[in-house]
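# Geometric and topological summary
Below are the chains, spelled out letter by letter.
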Amino acid sequence: MSGRIALILGGARSGKSRRAEALALDWGGEPVYLATAEAFDDEMRTRVAQHRADRDGRGWITVEEPVELPAALAREATAGRTVLVECLTTWLGNLMVHERPVEPEIDRLLAWLDGRRQGDLVLVGNEVGLGIVPENRMARAFRDHAGRLHQELATRAGRVELVVAGLPMVVKG
């Protein structure tokens, strides 16, 4: 079956990435790991290297795209593939850091999703709306963008899971 969408949400270090990888491999197809992280320091370079090593030997194709997510999906999400996007909230942060207008970029992503017909997608995001209201404008804007994006994606996804302490809870599907 092609064209499935799953949205996997959770807090930092909740186990959402591990769950998303397992689901993508279970769905079959050629697994593509579309990474949005940018490594600006040694600690982040170490994290990225560890993530790659964890996937090594399991057949993953890794594609790195920190900003142009809709274009990367258009290239990579083809018939016979399962693309895991890790992670949507990192992508949003990248847009803000690179001073890209976030809402039009979200709209581009949603328009691409609405028009696509091939490939399965497993989308990962950090649920950032469960804490206190952030104290600064940029952090509040980030939280608001993430909330809108996740709500829009949840309406399009056939499966939505929230991962807490490594345990996936099915919210939809």
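Refer to the structure printed above.
Summary of the structure given here. (Residues numbered from 1 in each chain as written. Predicted model: local features only at pLDDT ≥ 70, side-chain atom pairs only at ≥ 80, totals over all residues. Heavy atoms only, no water.)

### Things to note about the overall build of the protein
Regarding its fold elements, the protein presents six helices and seven strands. The buried share of the protein, taken over its 173 residues, is 43%. When contacts within the protein are restricted to residue pairs at least 6 apart in sequence, those whose partners lie at least 24 apart make up 75%. Summing over all exposed atoms, the protein offers an accessible surface of approximately 8900 Å²; the carbon and sulfur share of this is 54%. Separation of charge centres in the protein, based on 23 positive and 25 negative side chains, amounts to 4 Å. (Helix = DSSP H or I, 4+ residues; strand = E, 2+ residues; numbered from the N terminus. Buried < 20%, exposed > 50% of the residue type's maximum accessible area, 1.4 Å probe, protein only. Contact = heavy atoms within 4.5 Å. Areas by Shrake-Rupley, 256 points an atom, 1.4 Å probe, with all protein chains shown as cover. Lys, Arg positive; Asp, Glu negative; His and termini not counted. Charge placed at Lys NZ, Arg CZ, Asp CG, Glu CD.)

### What about the environment of Val 83?
Residue position: Val 83 is located in strand E4 (residues 81–86). Sequence-distant contacts of Val 83, defined by excluding residues within four places in its chain, comprise Val 32, Leu 34, Leu 73, Glu 76, Ala 77, Asp 120, Leu 121 and Val 122.

### Section: the side chain of Glu 38
Locating Glu 38 in the fold gives a position in the loop between strand E2 (30–35) and helix H2 (42–55). Polar contacts involving the side chain of Glu 38 include one to the side chain of His 98, which spans 2.9 Å. Not counting chain neighbours up to four residues away, the residues in contact with Glu 38 comprise Met 44, Pro 66, Asn 94 and His 98. (Polar contact = N/O pair within 3.5 Å; in protein donor to acceptor, adjacent residues only side chain to side chain.)

### Section: the pattern of salt bridges
The final tally for this structure, using the stated rule, is 19 salt bridges. Across the salt bridge formed by Asp 42 and Arg 45, the nearest N and O atoms sit 2.9 Å from each other. Within this pair, Asp 42 and its partner Arg 45 are both found in helix H2, separated by three residues, close to a single helical turn. Across the salt bridge formed by Arg 47 and Glu 43, the nearest N and O atoms sit 2.3 Å from each other. Residue Arg 47 and its partner Glu 43 are both found in helix H2; the two are separated by four residues, about one turn of the helix. Judged by its relative accessible area of 39%, Arg 47 falls in the partly exposed class. One continuous salt-bridge network, built from bridges that share partners, spans Glu 30, Arg 75, Glu 76 and Arg 81. (Salt bridge = Lys/Arg side-chain N within 4 Å of Asp/Glu carboxyl O.)

### Some thoughts on helix H6 (residues 137–156)
In this model, H6 (20 residues) spans 29 Å end to end at C-alpha, consistent with the 28 Å of a helix rising 1.5 Å per residue. Within H6 the residues assigned to the buried category are His 145, Ala 146, Leu 149, His 150 and Leu 153. All buried residues of H6 lie within an arc of 125 degrees about the axis, which places them on one face of the element. Looking at H6, the residues exposed on the side facing more than 90 degrees away from the buried face are Arg 137, Gln 151 and Thr 155. (Expected span 1.5 Å × (residues − 1). Arc of directions from axis to C-beta.)

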